[in-house]
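Descriptive analysis of the structure
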Amino acid sequence: MPKAAGKRIRRTFRKKLSNNSDMAEMKSMFREVLPKQGQLSVEDITTMVLCKPKLLPLKSLTLEKLEKMQQAAQDTIRQQEMAEKEQPQISH
Amino acid sequence: MGSEMEPLLLAWSYFRRRKFQLCADLCTQMLEKSPYDQAAWILKARALTEMVYVDEIDIDQEGIAEMILDENAIAQVPRPGTSLKLPGTNQTGGPSPAVRPITQAGRPITGFLRPSTQSGRPGTMEQAIRTPRTAYTARPITSSSGRFVRLGTASMLTSPDGPFINLSRLNLTKYAQKPKLAKALFEYIFHHENDVKTALDLAALSTEHSQYKDWWWKVQIGKCYYRLGMYREAEKQFKSALKQQEMVDTFLYLAKVYISLDQPVTALNLFKQGLDKFPGEVALLCGIARIYEEMNNISSATEYYKEVLKQDNTHVEAIACIGSNHFYSDQPEVALRFYRRLLQMGVYNCQLFNNLGLCCFYAQQYDMTLTSFERALSLAENEEEVADVWYNLGHVAVGIGDTNLAHQCFRLALVNNNNHAEAYNNLAVLEMRKGHVEQARALLQTASSLAPHMYEPHFNFATVSDKMGDLQRSYIAAQKSEAAFPDHVDTQHLIKQLKQHFAML
């Protein structure tokens, strides 16, 4: 039973080798061998799948600006909070 | 020299050179001397606005509440190809997830990130709450608690004497009668203070004062309605503005309304009408391409992006999208040319070098691969970006057969971003090759819980469980994998096999 591509397919066939007198002829002229008889066996191995490589999307200018502004805003808030925390410590 | 200049002129000069902080400071000094100086007042308002100005067309941040409780969509069960909510329904030209990774919302990853590409519409509450990996903050509960309000409050925190203009004390009727002042004031209220209701009041009074003849005010009212979620009212205003004066911006705003109403086909028609009036307009062409991309119709999207490039050959979004499309349709060498073009244009960041590295590797230009990745690592701005670069480097290592290096790369990706589901999955595959079944299973479980939208961890878990003889778990995982990627041949095969097993019992 043939399967989808990507599976390991092994063909085994039995054919009697011809005798020595034919060897010279074989060497001079290579002929492809397409067995018409014999067994075809398929070894079906389900392989595990890797996640695919990921191209990173470029960011639009708007998005960059938004992120920059948000970062700046968070920094200022953090600074102000730090300043507020330090003040009572001084008064103690 | 500077101190001898007339202060208002100097402030103007600062404003034109986009040194808004300096301009605002100087205006503050002037206003302290003469509090009724209208020129200084308006200039300060404009400087403060420009500091936080973001193009309204690009903004689209939906909160969880808006998305889950969305009642605006006209058809709750839309026909295939007429909705943005069911990306899977349109299979014409859409890439398979076996080749191109998908986002949480089930769309193929895009080549370009805009504020609205982050939103996507998740199907369940659970998915909505999960932080999207590309946006660094969690999704807000409603858009009125979103990024803009936080920015607004932050800008007020920085000025120690309270806000520049006390909105509650403004006599809006008085300002509405001075059109020039009113326009600057409106932009200040809308962009800097994010007080949409007051802005709407001002706009309504002003448009009344102009006897409904000024299209600009109609567009502004429409913007306010849009922010308040009153899409039908916004649509009326934009249409009325378009009747008076056809502007590209108005077309874009109106299309945004239709997209919010989940009517992509109407939006497409509108864009095409706009193109009749403004032939070859890049913003309109790009709008069409974006809609096609969101509807998973990648081939049409690429056609329109190419049209964009014919008009404007430095359009970063178009180049990036076409490039990523080529990469995932097995033409990395063509993609490489597009990304190289971006580099020539002066884009210089982590993402671009990462993409260049990947394209180089798959186009067999090995000399540039590692240097590109090195540069990407050095340009990365945060840990998520570093993690993504290490993850891609892991692929290069797998490609050259160096499993130890690959193992280390995926580990480093996880060190930098502990929620990197793809890295967990690939690490599991490597562990499995070493024969560490239990570790692989644990990693796969983590991956599938982090990213239930990906089929890979489910399928791998099913395969591993099947090998170990745990058929029940294997079957459950295989079904999840089938739900994520219905056309996956191996999954179907596995399910068939398992069903045969169960039938024999």
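Calculation rules
- Residues numbered from 1 in each chain as written.
- Chains lettered and ligands numbered in written order.
- Predicted model: local features only at pLDDT ≥ 70, side-chain atom pairs only at ≥ 80, totals over all residues.
- Heavy atoms only, no water.
- Helix = DSSP H or I, 4+ residues; strand = E, 2+ residues; numbered from the N terminus.
- Buried < 20%, exposed > 50% of the residue type's maximum accessible area, 1.4 Å probe, protein only.
- Areas by Shrake-Rupley, 256 points an atom, 1.4 Å probe, with all protein chains shown as cover.
- Contact = heavy atoms within 4.5 Å.
- Buried area = accessible area lost by both parts, 1.4 Å probe.
- Salt bridge = Lys/Arg side-chain N within 4 Å of Asp/Glu carboxyl O.
- Polar contact = N/O pair within 3.5 Å; in protein donor to acceptor, adjacent residues only side chain to side chain.
- Nonpolar A, V, L, I, M, F, W, Y, C, P; charged D, E, K, R; others polar.
- Pairing = 2+ DSSP bridges.
- Core = buried A, V, L, I, M, F, W, Y, C linked by side-chain atoms within 4.5 Å.
- Disulfide = S-S within 2.5 Å.
- Axes fitted to C-alpha atoms, helices over the stretch in contact; angles between N-to-C directions.
- Left-handed = near helix turned anticlockwise from the far one by under 90°.
- Expected span 1.5 Å × (residues − 1).
- Arc of directions from axis to C-beta.
- UniProt positions renumbered as here; feature names shortened; annotations may be inferred.
- pLDDT = per-residue confidence, 0-100.

1. A word on the overall build of chain A
Helices and strands together make up the secondary structure of chain A, namely two helices and three strands. Burial statistics for chain A: of 92 residues in total, 24% are counted as buried. For chain A, the accessible area works out to roughly 7900 Å², and carbon and sulfur atoms hold 55% of it.

2. Overview of the overall build of chain B
Tallying secondary structure elements over chain B gives 26 helices and one strand in all. Burial statistics for chain B: of 505 residues in total, 52% are counted as buried. In chain B, once contacts between residues fewer than 6 apart in sequence are set aside, the share between residues at least 24 apart is 55%. Per element, the accessible surface of chain B, about 24000 Å² overall, is 52% carbon and sulfur.

3. Looking at the interface of chain B and chain A
Taken together, the contacts link 64 residues of chain B with 30 residues of chain A. The contact between chain B and chain A buries some 4300 Å² in all, and 66% of this surface belongs to carbon and sulfur atoms. Aspartate 388 of chain B is paired through a salt bridge with lysine 54 of chain A; the nearest N and O atoms lie 3.4 Å apart. Along the contact surface separating chain B from chain A lie twelve residue pairs in polar contact (both at pLDDT 80 or more). Each residue belonging to the side of chain B that touches chain A can be placed in one class, and the counts come to 34 nonpolar, 18 polar and twelve charged. Pairing analysis gives two bridges linking strand E3 (residues 58-59) of chain A to strand E1 (residues 112-113) of chain B, with the strands arranged parallel. Looking across to E1 of chain B, one finds that leucine 58 of chain A is bridged to phenylalanine 112 of chain B.

4. What about the nonpolar core?
Residues and elements named next belong to chain B. In this structure, Cys23, Leu170, Leu185, Phe186, Ile189, Tyr339 and Leu342 are the most contacted members of the largest nonpolar core, which totals 109 residues. Setting aside its immediate chain neighbours within four residues, leucine 185 contacts Trp41, Ile165, Leu170, Tyr175 and Leu202. With 36 residues, the next largest nonpolar core counts Phe410, Ala440, Ala451 and Ile495 among its residues.

5. Focus on the state of the cysteines
This structure, assessed with the given rule, holds zero disulfides over all chains. Cysteine 409 of chain B takes part in no disulfide bond, and the closest cysteine sulfur to it belongs to cysteine 350 of chain B, at a distance of 15 Å.

6. A look at the packing of helix H25 (residues 471-484) of chain B against helix H26 (residues 489-504) of chain B
Residues and elements named next belong to chain B. Look at H25 against H26: their axes get within 10 Å of each other, and the N-to-C directions meet at 145°. The way H25 lies across H26 gives a crossing that is left-handed. Of H26, the residues touching H25 (which contributes Leu471, Gln472, Ser474, Tyr475, Ala478, Gln479, Ser481 and Glu482) are Thr491, Gln492, Leu494, Ile495, Leu498, Lys499, His501 and Phe502. Tallied by class, the residues present in the contact of H25 with H26 amount to seven nonpolar, seven polar and two charged.

7. Overview of helix H19 (residues 366-379) of chain B
Residue and element names in this part refer to chain B. For H19, which comprises 14 residues, the first-to-last C-alpha distance of 21 Å matches the rise-based estimate of 20 Å (1.5 Å per residue) to within 8%. What H19 keeps buried is the set Thr369, Ser372, Phe373 and Ala376. Down the axis, H19 shows its buried residues gathered within 100° of arc, on one side only. Exposed residues pointing more than 90 degrees away from the buried face of H19 are listed as Asp367, Leu370, Glu374 and Ser378. On its buried face, H19 is in contact with helix H18 (350-362) and helix H20 (383-400).

8. Brief notes about the pattern of salt bridges
All names here are of chain B. Scanning the model with the defined rule gives 14 salt bridges over all chains in all. When the shortest N-O distance is used, the salt bridge between arginine 232 and glutamate 235 registers 2.6 Å. Of this pair, arginine 232 and glutamate 235 are both found in helix H11 (residues 231-244), three residues apart, which corresponds to roughly one turn of the helix. Owing to a relative accessible area of 38%, arginine 232 belongs among the partly exposed residues under this scheme. Its relative accessible area of 9% is what places glutamate 235 among the buried residues. The salt bridge involving lysine 239 is made with glutamate 235; its shortest N-O contact spans 3.2 Å.

9. Some thoughts on the packing of helix H3 (residues 38-52) of chain B against helix H8 (residues 179-193) of chain B
Residues and elements named next belong to chain B. Where H3 meets H8, the closest approach of the two axes is 9 Å, and the angle between their N-to-C directions is 35°. Our pair here, H3 against H8, has a crossing hand that is left-handed. Contact residues: Gln38, Trp41, Ile42, Ala45, Arg46, Leu48, Thr49 and Val52 in H3; Lys180, Leu181, Ala184, Leu185, Glu187, Tyr188, His191 and His192 in H8. Partitioned by chemical class, the residues of the contact of H3 with H8 number nine nonpolar, four polar and three charged.

10. So, the environment of valine 347 of chain B
Residue and element names in this part refer to chain B. Among the structural elements, valine 347 can be located in the loop between helix H17 (332-345) and H18. Residues valine 347 and tyrosine 305 lie 42 residues apart in sequence; the distance between their C-alpha atoms is 19 Å. When near neighbours in sequence (up to four residues on either side) are disregarded, valine 347 contacts Val316, Leu342 and Leu352.

11. Regarding the environment of alanine 406 of chain B
Residues and elements named next belong to chain B. Looking at where alanine 406 falls in the secondary structure, it is placed in helix H21 (residues 403-416). When the C-alpha positions of alanine 406 and histidine 395 are compared, they lie 6.9 Å apart, and in sequence the two are eleven residues distant. Those residues within four positions of alanine 406 in sequence are excluded, and the remaining contacts are Gly394, Ala397, Val398 and Leu430.

12. Considering the UniProt feature "repeat: TPR" (unreviewed entry) in chain B
Residue and element names in this part refer to chain B. The sites that carry the UniProt feature "repeat: TPR" (unreviewed entry) are, in the present numbering, residues 350-383 and 421-454. Secondary structure across residues 350-383 divides into 82% helix and 0% strand, with the first and last C-alpha atoms of the span separated by 12 Å. Taken as a whole, residues 421-454 contains 82% helix and 0% strand, while its terminal C-alpha atoms sit 9 Å from one another.

13. Some remarks on the side chain of aspartate 388 of chain B
Considering the arrangement of structural elements, one finds aspartate 388 of chain B in helix H20. A polar side-chain atom of aspartate 388 of chain B sits 3.4 Å from a polar atom in the side chain of lysine 54 of chain A.

14. What about the confidence of the model for chain A?
Residues and elements named next belong to chain A. For chain A, the average pLDDT comes to 70, and 64% of its residues sit at 70 or higher. Averaged pLDDT values over the elements of chain A bottom out at 47 in strand E1 (residues 8-12) and peak at 85 in E3. Confidence drops under pLDDT 50 across residues 1-18; counting only partners more than four residues distant or on other chains, this segment forms 21 contacts.

15. Concerning helix H15 (residues 298-311) of chain B
Residues and elements named next belong to chain B. The first and last C-alpha atoms of H15 sit 20 Å apart over 14 residues, in line with the 20 Å expected at 1.5 Å per residue. Among the residues of H15, Ile298, Ser300, Ala301, Thr302, Tyr304, Tyr305, Val308 and Leu309 are the ones counted as buried. Packing partners of the buried residues in H15 comprise helix H13 (264-277), helix H14 (282-294), helix H16 (316-328) and H17.

16. Some words on the confidence of the model for chain B
Residues and elements named next belong to chain B. When pLDDT is averaged along chain B, the result is 85, and 83% of the positions lie at 70 or above. For chain B, the element scoring lowest by mean pLDDT is helix H5 (residues 125-129), at 50; H21 scores highest, at 96. The low-confidence segment residues 118-124, where pLDDT is below 50, has 24 contacts with residues more than four positions distant or belonging to other chains. Here residues 131-145 is modelled with pLDDT under 50, and outside its nearest four sequence neighbours on either side it reaches 47 contacts, counting other chains as well. Taken together, the chains of this predicted complex give a pTM of 0.80 and an interface ipTM of 0.77.

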